[in-house]
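Report on the structure
Single-letter residue listing:
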Amino acid sequence: MLWALHESGAGTDPAHERWLIDRVREPASGSRLGLYDGLHGIAYVLDLLGHRDEALRLLDLCLDQPWTELRDDLTGGLSGIALNLDHFAALTGERRYADAARQAVDVVVGRLGDVDSVAEISGGKHPYAGLTRGGAGVALMLLRRYERHGDDALLDHARTALRQDLRRCVRRDAGHLEVNEGWRTMPYLAEGSVGIGLVLDRYLHHRPDDELRDEATAIRRCADFPFYAQSGLFAGRAGIVAYLAERGERDAAREQARLLGWHALPYRDRTAFPGDQLLRLSMDLATGTAGVLAALATTRPADPLHLPFLTPLPDATRVAGAD
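Overview of the state of the cysteines
Enumeration according to the criterion identifies 0 disulfides in this entry. As a non-bridged cysteine, cysteine 222 has cysteine 169 as the owner of its nearest cysteine sulfur, 8.5 Å distant.

Pasting the structure below:
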């Protein structure tokens with residue numbers, strides 16, 4: 001929530017920042033380490049808010065944990081951790097962060113396998129597809145690494161990770177492509193196809209591929225629906241808004257943002273949004289009001305908000321061209 005408030009321009013309360021710092025000064029035993037579910041994400045936000053010393057202290061604490069045994073994904077695993085470590089290595093010039101990032105990348109690549117290493121179903125007894133828990137998150141990390149270091153092998157691995165996710169997608173009758181969970185199909189940002197589409201677009205920025213471009217086009221059709229049951233960033237309309245805005249389709253993003261009004265509910269003389277399954281109001285980033293705020297900020301004409309690490313580095317085109 002602090003990240004959404006800061007990045008949207010709404011501002012944060014210093015007391016809330018201090019509350020967060022105090023809570024992670026001595027993290028509880030068993031605290032998660034991930035980018036979206038744990039201490040790495042808190043370190044990222046603390047630095048963004050101007051608390052670099054606290055952020056680096058927390059990052060060093062994370063490196064003292066047995067982190068290489070974590071899963072590979074973006075939310076709580078090595079892909080998110082590698083992105084964060086590479087980010088801090090660039091900010092600080094500290095070799096230990098760069099070395100740890102490289103170690104995380106090597107572990108993920110070593111586990112990747114080939115396209116057929118995954119089932120054709122996402123979730124259940126199988127690993128998930130998608131941005132937060134699937135191959136798209138792995139590919140995002142590899143693409144960011146490529147943009148910073150320019151190793152073509154990273155593009156090859158990113159393509160494999162994306163094709164693993166596309167293997168778990170199905171084309172619907174209307175021609176759009178959604179993640180296949182066996183009992184339902186999903187178009188959404190976190191575990192659905194538009195999250196894959198965001199990273200697929202990023203890959204195509206560096207390496208043209210007619211087959212993958214056709215898949216990206218089919219995913220784009222998922223963002224034209226007039227109705228989405230939920231409003232959230234990870235599994236609802238707000239994620240569709242962010243997807244369209246990240247593609248530069250501002251008019252389409254603003255139209256979907258306008259339709260977020262369907263989901264809005266009055267709360268303490270203001271506006272809030274329901275969480276997953278519409279069971280209660282939520283204020284968090286993934287399911288609730290903070291995620292809607294972030295999505296709305298992606299549609300700003302000037303200085304639009306971007307989700308962490310989803311925008312290519314400023315010199316990414318030059319790096320690709322140099323190869």
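There's plenty left to go through after this.
Some remarks on the side chain of arginine 168
Relative to the helices and strands, arginine 168 resides in the loop between α8 (152-167) and β1 (169-171). The exposure class of arginine 168 is buried, given its relative accessible area of 3%. Among the polar contacts listed, one links the side chain of arginine 168 to the backbone oxygen of tyrosine 128, at a separation of 3.3 Å. Aside from chain neighbours lying at most four places away, what touches arginine 168 is Val118, Ala119, Glu120, Ile121, Ser122, Pro127, Tyr128, Ala129, Gly135, Glu178, Val179 and Asn180.

Comments concerning helix α10 (residues 210-220)
Regarding α10, the residues found buried are Leu212, Glu215, Ala216, Ala218, Ile219 and Arg220. Buried-residue contacts for α10 involve α8, β1, β2 (177-180), α9 (193-206), α11 (237-246) and α12 (250-258). A side-chain oxygen of the first residue of α10 lies 3.1 Å from the backbone nitrogen of glutamate 211; this N-cap is aspartate 209.

Side note on empty space enclosed by the protein
To find leftover empty space, one rolls a probe the size of a water molecule over the atoms. In the structure shown here, the tally under the stated rule is 1 cavity of 30 Å³ or more. One number sums up the size of the largest cavity: a volume of about 40 Å³. Lining of the largest cavity is provided by Ala82, Leu83, Asp86, Val105, Met141, Arg144 and Arg145. Only α5 (78-92) and α7 (135-149) provide two or more residues apiece to the lining of the largest cavity. Partitioned by chemical class, the residues of the lining of the largest cavity number 4 nonpolar, no polar and 3 charged.

Focus on the layout of surface pockets
By volume, the largest pocket is sized at about 1400 Å³. Around the largest pocket sit 44 residues that line it, and Tyr36, Phe234, Asp284, Leu285 and Ala286 are the ones nearest its centre. Elements supplying a minimum of two residues to the lining of the largest pocket: α1 (2-8), α2 (14-25) and α3 (39-48). Classifying every residue of the lining of the largest pocket by side-chain character gives 29 nonpolar, 9 polar and 6 charged.

Overview of α5
Taking 1.5 Å per residue, 15 residues should reach 21 Å; α5 reaches 20 Å between its end C-alpha atoms and fits that length. The buried fraction of α5 is high, at 12 of 15 residues. For α5, the set of buried residues is Leu78, Ser79, Gly80, Ile81, Ala82, Leu83, Asn84, Leu85, Asp86, His87, Phe88 and Ala89. Buried-residue contacts for α5 involve α3, α4 (52-63), α6 (95-111) and α7.

Examining the side chain of arginine 202
Tracing the chain through its elements places arginine 202 in helix α9. Taking relative accessible area as the criterion, arginine 202 reaches 4% and is therefore assigned buried. If near-sequence neighbours (up to four positions away) are discounted, arginine 202 is found in contact with Leu140, Leu143, Arg144, Glu147, Phe309, Leu310, Thr311 and Pro312.

Focus on the environment of proline 301
For proline 301, the location among the structural elements is in the loop between α13 (289-297) and α14 (316-322). Expressed as a C-alpha distance, the spacing of proline 301 and glycine 261, which sit 40 residues apart in the sequence, is 20 Å.

Observations regarding the sheet that holds strand β6 (residues 281-282)
The antiparallel open sheet is built from 3 strands, whose spatial order is β4-β5-β6. The outermost strands of the open sheet, each flanked by one partner alone, are β4 (265-267) and β6. As judged from the 3 bridges shared by β4 and strand β5 (residues 270-274), these two strands associate in the antiparallel manner. By the bridge assignment, leucine 265 is partnered in β5 with alanine 272.

Things to note about the sheet that holds strand β3 (residues 185-186)
Pairing is antiparallel across the open sheet formed by 3 strands, whose spatial order is β1-β2-β3. Bordering the open sheet on either side are β1 and β3, each of which pairs with just one other strand. Across 3 bridges, β1 lies against β2 in antiparallel orientation. Bridging across to β2, arginine 171 finds its partner in leucine 177. Lying over the sheet, α9 contacts β1, β2 and β3, oriented at roughly 120 degrees with respect to β2.

Some words on the pattern of salt bridges
Close approach of charged atoms allows side chains with opposite charge to pair. Applying the stated criterion across every chain yields a total of 31 salt bridges. As a salt-bridge pair, arginine 25 and glutamate 54 come within 3.1 Å of each other at their nearest N and O atoms. Taken together, the residues span a long stretch of sequence, with arginine 25 in helix α2 and glutamate 54 in helix α4 at a distance of 29 residues. A relative accessible area of 34% places arginine 25 in the partly exposed class. One salt-bridge network, in which partners are shared between bridges, spans Asp201, Arg220, Asp224, Arg247 and Glu249.

Each value, and the rule that gives it
Residues numbered from 1 in each chain as written. Predicted model: local features only at pLDDT ≥ 70, side-chain atom pairs only at ≥ 80, totals over all residues. Heavy atoms only, no water. Disulfide = S-S within 2.5 Å. Helix = DSSP H or I, 4+ residues; strand = E, 2+ residues; numbered from the N terminus. Buried < 20%, exposed > 50% of the residue type's maximum accessible area, 1.4 Å probe, protein only. Polar contact = N/O pair within 3.5 Å; in protein donor to acceptor, adjacent residues only side chain to side chain. Contact = heavy atoms within 4.5 Å. 1 Å grid on protein atoms, 1.4 Å probe; cavity = no way out; pocket = protein on both sides within 12 Å on 5 of 7 lines; lining within 4 Å. Points joined across faces, edges and corners; volume = space filled by probe spheres on them. Nonpolar A, V, L, I, M, F, W, Y, C, P; charged D, E, K, R; others polar. Expected span 1.5 Å × (residues − 1). Pairing = 2+ DSSP bridges. Axes fitted to C-alpha atoms, helices over the stretch in contact; angles between N-to-C directions. Salt bridge = Lys/Arg side-chain N within 4 Å of Asp/Glu carboxyl O.

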